[in-house]
Amino acid sequence: QLSTAIAALPCLTIAALNQIVTEIFLNAGLSALQAEAVAAVIVAGERDGCKSHGIYRIDGNLRTLAAGKVQPQAVPQLNDDGSGVIRVAAYGGFSPAAFALGAPVLAERAKKLGIAAMVINDCTHFSALWPEIEVLTDAGLAAMAMCPSYATVAPSGGIAALLGTNPFAFGWPRPGGNPYVFDFATSVVARGEIELHRREGRPIPPGWAIDAEGAPTTDPVQALAGA
């Protein structure tokens, strides 16, 4: 309902939308650190026209918070031993705040050593990955990002969910222009797109999903119960 209300507002600037989304999460009990980081990636999704990862995600995040599956006041902690692997403990918080803490160190280390990696542990990840890639391409680096996901994908010829959508993104800077950034799920379509069709009462295209019995379906409700 919150994201629907925002969508009904007049056209907003990015800054204005960011302020509204940040205030929603502050009012829901997130710390300023968590609220600002979460709002930034949600607004990036809306800004870039990816509705499945824009303000639509507000509702899901609030449900996750209400269910006690995320720590709203979590303060991430950086573990840096000087090597090429940087670790950030999210302590049960959303992942964007942990990423924001570790990204500058990751960029510095990659420039120093030629390659580096960062792992975020004990986090709740909900967002698209390209905003993270853009932070690193803006720092002059080629980068890739990935995260695990629960089983929602049937393998080719399968009739039940076995694999995750396993989101993956990569990018690199280009002289005199915007960086090349590519972000995708490894399934036919991102789960969020099916959720949007369900919400709008629209059928999904053939070939996107199967129902709980393994039969092809164009019903988004059946698809979300299937794979």
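Residues numbered from 1 in each chain as written. Predicted model: local features only at pLDDT ≥ 70, side-chain atom pairs only at ≥ 80, totals over all residues. Heavy atoms only, no water.

**What about the confidence of the model for the protein chain?**
Inference 1: For the protein chain, per-residue confidence averages 92 on the pLDDT scale, and residues scoring 70 or more make up 96% of the total.
Inference 2: The secondary-structure element of the protein chain with the lowest mean pLDDT is helix H1 (residues 2–7), recorded at 61, while strand E2 (residues 85–89) shows the highest, at 98. (pLDDT = per-residue confidence, 0-100. Helix = DSSP H or I, 4+ residues; strand = E, 2+ residues; numbered from the N terminus.)

**Brief notes about the nonpolar core**
Inference 1: The biggest cluster of nonpolar side chains holds 18 residues, and the ones touching the most others in it are Val21, Phe25, Leu30, Val38, Ile42 and Ile58.
Inference 2: Contributing elements (two or more residues each) for this core: helix H2 (14–27), helix H3 (32–47) and helix H4 (57–66).
Inference 3: When residues in this core are grouped by element, the largest group, 6 residues, is from H3.
Inference 4: Setting aside chain neighbours within four positions, we find Leu30 in contact with Phe25, Ala35, Val38, Leu65, Pro72, Gln73 and Phe94. (Core = buried A, V, L, I, M, F, W, Y, C linked by side-chain atoms within 4.5 Å. Buried < 20%, exposed > 50% of the residue type's maximum accessible area, 1.4 Å probe, protein only. Contact = heavy atoms within 4.5 Å.)

**Observations regarding the packing of aromatic side chains**
Aromatic rings considered in pairs are described by the distance between their centres and by the relative angle of their planes.
Inference 1: For the structure on display, the rule yields 8 aromatic pairs.
Inference 2: Pairing Phe168 with Phe184 gives two aromatic rings, centres 5.7 Å apart and planes at 65°, and the pair type is edge-to-face. Of this pair, Phe168 sits in strand E5 (residues 168–174) while Phe184 sits in strand E6 (residues 177–184); the two residues are 16 residues apart in sequence, bridging distant segments of the chain.
Inference 3: Residue classification places Phe168 among the partly exposed residues on the basis of a relative accessible area of 22%.
Inference 4: On the numbers, 6.0 Å between centres and 15° between planes, the contact of Phe170 with Trp172 is stacked.
Inference 5: Overall, Phe170 belongs to the partly exposed group, its relative accessible area being 23%.
Inference 6: Owing to a relative accessible area of 39%, Trp172 belongs among the partly exposed residues under this scheme.
Inference 7: These aromatic residues form a ring-pair network of at least three members: Phe168, Phe170, Trp172, Tyr180, Phe182 and Phe184. (Phe/Tyr/Trp six-rings, centres within 6.5 Å; stacked < 30°, edge-to-face > 60°.)

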